[in-house]
Amino acid sequence: MRVVVIIPSFYPAIVYGGSTFASYHLTKAAAESGVDLWVSTTNANGCERLDKEVNIFQSLDQFKIKYYHEELVNYFSSSFIFGIFKDIKNADVVHIQSIFSYPTPLALFYSMLFRKKVLLSPRGSLAQWSFQIKGWHKKQWIKCLITPFIKTVTWHATSEKEKNDILKIFPKAHVKIISDGTFLDQSKTALTRVDMFNSLSLKESRYIAAMGRIHPVKGYDILIKSFQIIKKSNPDLKLLIAGSDEGDLKNLTELVSSFKLDNQVVFVGPVSGATKESFLQNAELLVLPSHTENFGIVVVEALAQGTPVVASNKTPWRVLEKFNAGYWVENTTNEIAHSIINLLSNTTTNWEMNAKLLSKEFDWYKIAKRYKHILEEIHNG
């Protein structure tokens, strides 16, 4: 069974955030589990291009990948448009990842033309919150370019929340849940606490962490307002926010200054690899105050490091409370603040043990087995 993955960007295009790592790690783990995977993507990497050989399949880990050259980064690749015609023709199952990108309707059309089975991953793009921006255009895109091709499509959701988002738009959709995950041995690669602070050019301190692109959807304004309350009972505590700017950094920096928190709230920029593992491992806790998340892979990454999490109830992380590994609360200033204070003051709960126990539910190799099983179901169905 040959599976072709059609995706507009792929690792190492890490500028696109957590979804890039999720797609790469699922593909890597599934290939190691015996799935014959071929990835068709572009060399887009934000406003730049990846330094990769283009328009030819090459090996990456245990799967094949072709980076098509984009003439207009993020907007157009003639070689991609014509190349995936052949890639899809040679496949048994087509896994399309994205909704609002130009390759998706083409891949759906080619799949229908060749009568190929399709697994379609929205990757959070169908969340109701996302329709607050260009909502009319997105609805027309779905109506004209997606809906005509999905009668026999199987949908991939990363959580029950995302499944419900899909069903609100496509009530008859056939949806399978395959969560994102983490490699549980990553804590072995983390930097020491001292080296981590040195790499970020910061002095050692107690801190709570937030991590993700600096974008309004992440709710960092709520977290910063909450920190005013938190610091009253934890004056030595800092808030470190890691992530690349996607247009909200200036507003948030001004908000920090207006509350006179410049010495306590620090934007550390994007972190990766051993620095990221240590950043999560040494935090008192991770906060995810987002207005919406289809999954929130940083939560699993923090749990694997033994770090508890306070997550917004607009994210799919109710299970935190079942495992007593954190809190799942309204993303309001008071709720976030009080939950963080309660967690910091609770010294009787073994947060580290509970966090690591929950993380075991999200091992990539365990998830890859489910992915493989679903692909086989689709192929044989």
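In what follows, the structure referred to is the one given above.
Residues numbered from 1 in each chain as written. Predicted model: local features only at pLDDT ≥ 70, side-chain atom pairs only at ≥ 80, totals over all residues. Heavy atoms only, no water.

Thoughts on the pairing of strand β13 (residues 265-269)
Moving residue by residue along a regular strand, the side chains alternate between the two faces of the sheet.
Piece 1. Of all the 5 residues making up β13, 4 are buried; the element is thus mostly covered by neighbouring parts of the structure.
Piece 2. Pairing between strand β12 (residues 238-242) and β13: 4 bridges, direction parallel. Counted as the bridge partner of Ile241 is Phe267 from β13.
Piece 3. Handedness of the crossover joining β12 and β13 through helix α8 (residues 249-258): right-handed. (Buried < 20%, exposed > 50% of the residue type's maximum accessible area, 1.4 Å probe, protein only. Helix = DSSP H or I, 4+ residues; strand = E, 2+ residues; numbered from the N terminus. Pairing = 2+ DSSP bridges. Right-handed = clockwise from strand over helix to strand, strands pointing away.)

Structural notes on the layout of surface pockets
Piece 1. In this model, the second largest pocket occupies a volume close to 380 Å³.
Piece 2. Lining the second largest pocket are 18 residues, with Thr158, Ser159, Glu160, Lys161 and Pro316 positioned closest to its centre.
Piece 3. When contributions to the lining of the second largest pocket are tallied by element, the ones reaching two or more residues are α5 (160-169) and α14 (364-380). (1 Å grid on protein atoms, 1.4 Å probe; cavity = no way out; pocket = protein on both sides within 12 Å on 5 of 7 lines; lining within 4 Å. Points joined across faces, edges and corners; volume = space filled by probe spheres on them.)

Structural notes on helix α13 (residues 351-359)
Helical periodicity: at 3.6 residues per turn, an α-helix aligns residues three or four positions apart in one direction.
Piece 1. For α13, the set of buried residues is Trp351, Asn354, Ala355, Leu358 and Ser359. The buried residues of α13 all sit within an arc of 135 degrees when viewed along its axis, so they share a single face.
Piece 2. In this fold, the buried residues of α13 make contact with α10 (297-304), α11 (319-322), β16 (326-329) and α12 (333-345). (Arc of directions from axis to C-beta. Contact = heavy atoms within 4.5 Å.)

Quick notes on the pairing of β12
Piece 1. Counting buried positions along β12 gives 4 out of 5 residues, so the element sits mostly inside the fold.
Piece 2. Note: strand β11 (residues 207-211) against β12, 5 bridges, orientation parallel. Across the sheet, the residue bridging to Ile208 is Leu239, located in β12.

Examining α8
Piece 1. Of the residues making up α8, those classed as buried are Leu252, Leu255 and Val256. The buried residues of α8 occupy one face: seen down the axis, they fall within an arc of 100 degrees.
Piece 2. Buried residues along α8 sit against α7 (220-233) and β13.
Piece 3. Of the residues one or two after α8, Lys260 is the one with positive phi, at around 60 degrees.

A word on the packing of α10 against α13
Piece 1. Two elements in contact, α10 and α13, have axes separated by 7 Å at closest approach and are oriented at 125 degrees. In terms of orientation, α10 lies oblique with respect to α13. Of the two possible hands of crossing, α10 and α13 adopt the one that is left-handed. For the pair α10 and α13, the contacting residues are Val300, Leu303 and Ala304 in the first and Ala355, Lys356, Leu358 and Ser359 in the second.
Piece 2. Taken together, the residues of the contact of α10 with α13 sort by class into 5 nonpolar, 1 polar and 1 charged. (Axes fitted to C-alpha atoms, helices over the stretch in contact; angles between N-to-C directions. Parallel < 35°, antiparallel > 145°, perpendicular 65-115°, else oblique. Left-handed = near helix turned anticlockwise from the far one by under 90°. Nonpolar A, V, L, I, M, F, W, Y, C, P; charged D, E, K, R; others polar.)

Focus on the sheet that holds strand β7 (residues 93-97)
Piece 1. With respect to topology, 8 strands assemble into an open sheet ordered β5-β6-β2-β1-β7-β8-β9-β10, the strand pairing being mixed. In this open sheet, the two edge strands, each paired with only one partner strand, are β5 (58-60) and β10 (174-177). Averaged over all neighbouring strand pairs, the angle between strand axes comes to 30 degrees, with direction disregarded.
Piece 2. Bridging between strand β8 (residues 117-121) and strand β9 (residues 154-157) involves 2 bridges; their strand directions are parallel. Looking at the pairing, Leu120 lines up with Trp155 of β9.
Piece 3. Against the sheet, α5 engages β9 and β10, with an angle of about 140 degrees to β9.

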